[in-house]
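Each chain is listed here by its residues.
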Amino acid sequence: MSDKRVVALSGSIQEAGGSIIRFPLISVQGVPLRNHIATNWDSISAFEAHPSDLLIATYPKAGTTWTQEIVDLLLNDGDQEVCRRAPIAVRMPFLEHFSPPHCPSGLELLKGMPPPRVIKTHLPFQLVPQGFWKNKCKTIYVARNAKDNLVSYFHFDRMNQTQPEPGPWDSYIPKFMEGKLAWGSWYDHVKGYWKEREKNNILYLFYEDMKENPRREVERIMRYLGKSLPDDVISRIVELTSFKAMKENPMVNYTFIPMPVFDQSISPFMRKGEVGDWNNHFTQEQSRVFDEDYEIQMKGSNIPFRINI
Ligand code: A3P
């Protein structure tokens, strides 16, 4: 893959004046999305999925990249070399990623890729192009407990210079609670896919389960993909997708996005990879207010989230 394409993937970049833009959010059917996504919404929503396409859907920072790498290794029988053929963002295009006009969008990358494709999205269920559901595409959804998801998103917004400015931690929490961050409400996102999981044959996974027993979850994904691999290959996949291995792998650690866009000196993409890091961020009072609101927003839902393991 050409350097130009990798750089262009950063989706960003320097618009007029040469400085990095933290793109503003525009509402699409009530969901705040980065302006380039919103202004290209018609073509994104018209995307025609093929029945053999596989969708990996998440709220941002729930473990998307981890799951993508597991899926690629499973589909390629654990072949490490094949899975280093290109950065993860090229192997599995980001459906709604729309950059400034001179950069390739997710749709452009997909256009040059024959099915079956593995496609990443952060769109909430109701905004996913209808063809995915009509064509009964396999879909893997990964959910992460709200508090750790929020912490991870905060650090990501600090380092990704194309995301809206996160501001200080104490004012970031209410933005998350009110669904004002890019891709909207975490609460609606996790509930939306949960409600549809049976009807649409969605494999609904939890980050915490993956941390607790990665092998069990890799095997779960393998069965969903209709594959059966020998034990030693599964062990290799578990090893290659450990946090440590992925942090050192340039094809998944997002060092392929150039420094001015992802400033990993502020916070690395592969940051901590833990369950319960929220304990190091929330004060007792912040936690109390968050939990109280959580009860209201999640009332009636029975999604088995765990905030510690
Ligand atoms: P932290 O910021 O808590 O470290 P996404 O890929 O959806 O953007 O999610 C990124 C989060 O997943 C980051 O969380 C990152 O460290 C974590 N992550 C990525 N690969 C992982 C792995 N192999 N094991 C555990 N966590 C991983």
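Computed from a prediction, not measured in an experiment: that's the story for all the values here.

Trainee: Explain empty space enclosed by the protein here, please?
Mentor: To find leftover empty space, one rolls a probe the size of a water molecule over the atoms. The tally for this structure, following the rule as stated, stands at one cavity of 30 Å³ or more. Reported here for the largest cavity is a volume of approximately 50 Å³. Around the largest cavity, the lining residues are Lys61, Ser152, His155, Phe156, Met159, Ser267, Pro268, Phe269 and Arg271. For the lining of the largest cavity, the residue count by class is four nonpolar, three polar and two charged.

Trainee: Could you clarify how one ought to interpret helix H8 (residues 146-159) in this entry?
Mentor: Because an α-helix packs 3.6 residues into every turn, residues spaced three or four apart end up facing the same way. The terminal C-alpha atoms of H8 lie 20 Å apart, and with 14 residues this matches the ideal 20 Å at 1.5 Å per residue to within 8%. Along H8, 13 of the 14 residues are buried, which leaves the element largely enclosed by surrounding structure. Capping the start of H8 is the job of one residue whose side-chain oxygen sits 3.1 Å from the backbone nitrogen of lysine 147: asparagine 145.

Trainee: I keep staring at the packing of aromatic side chains and nothing clicks. Help me out?
Mentor: Tallied over the entire structure, the rule returns 32 aromatic pairs. Note on phenylalanine 125 and tryptophan 133: the rings are 4.5 Å apart at their centroids and 25° apart in plane angle, and the pair reads as stacked. Exposure class is identical for phenylalanine 125 and tryptophan 133. Each is buried. Between the aromatic rings of tryptophan 278 and phenylalanine 282, the centroid separation amounts to 6.0 Å while the plane-to-plane angle is 80°, which identifies the pairing as edge-to-face. Accessibility assignment for this pair places tryptophan 278 and phenylalanine 282 in one class, buried. The ring centre of phenylalanine 282 lies 5.5 Å from the NZ or CZ of lysine 147, which sits over that ring.

Trainee: What is the right way to look at the side chain of threonine 241 in this model?
Mentor: In this fold, threonine 241 is placed in the loop between helix H13 (231-240) and helix H14 (243-247). Apart from the residues lying within four places of it in its own chain, the contact partners of threonine 241 are Trp66, Glu69, Ile70, Leu73 and Met246.

Trainee: Explain the sheet that holds strand S3 (residues 54-58) to me, please; I cannot follow it from the model alone.
Mentor: Either a parallel or an antiparallel arrangement is found when strands of a sheet pair, and the pairing is made through backbone hydrogen bonds. Spatially, four strands are ordered S4-S3-S5-S6 in an open sheet, and the strand pairing comes out parallel. Strands at the two margins of the open sheet, each flanked by one partner only, are strand S4 (118-121) and strand S6 (202-206). Averaged over all pairs of adjacent strands, the angle between strand axes in this sheet comes to 20°, irrespective of strand direction. Strand direction decides the pairing type here: S3 and S4, joined by four bridges, are parallel. Paired with leucine 55 across the bridge in S4 is isoleucine 119. On the sheet, helix H10 (residues 186-196) packs against S3, S4, strand S5 (138-143) and S6 and is oriented at approximately 135° with respect to S6.

Trainee: What's the story with the site of the ligand in this structure? I'm lost.
Mentor: Taken together, 19 residues form the shell around the ligand, and within it Thr64, Thr65, Ser152, Lys272 and Gly273 come nearest. The separation between a nitrogen atom of the ligand and a polar main-chain atom of threonine 241 is 2.9 Å. At 3.5 Å, a backbone N or O of phenylalanine 243 approaches a nitrogen atom of the ligand. More than half of the atoms belonging to the ligand lie within 2 Å of the grid points that define the largest pocket. Of all the secondary structure elements, the ones that give two or more residues to the shell around the ligand are helix H4 (64-75), helix H11 (207-212) and H14.

Parameters at a glance
- Residues numbered from 1 in each chain as written.
- Predicted model: local features only at pLDDT ≥ 70, side-chain atom pairs only at ≥ 80, totals over all residues.
- Heavy atoms only, no water.
- 1 Å grid on protein atoms, 1.4 Å probe; cavity = no way out; pocket = protein on both sides within 12 Å on 5 of 7 lines; lining within 4 Å.
- Points joined across faces, edges and corners; volume = space filled by probe spheres on them.
- Nonpolar A, V, L, I, M, F, W, Y, C, P; charged D, E, K, R; others polar.
- Helix = DSSP H or I, 4+ residues; strand = E, 2+ residues; numbered from the N terminus.
- Expected span 1.5 Å × (residues − 1).
- Buried < 20%, exposed > 50% of the residue type's maximum accessible area, 1.4 Å probe, protein only.
- Polar contact = N/O pair within 3.5 Å; in protein donor to acceptor, adjacent residues only side chain to side chain.
- Phe/Tyr/Trp six-rings, centres within 6.5 Å; stacked < 30°, edge-to-face > 60°.
- Lys NZ or Arg CZ within 6 Å of the ring centre and 35° of its normal.
- Contact = heavy atoms within 4.5 Å.
- Pairing = 2+ DSSP bridges.
- Axes fitted to C-alpha atoms, helices over the stretch in contact; angles between N-to-C directions.
- Near = heavy atom within 4 Å.
- Sits in = over half its atoms within 2 Å of the grid points.

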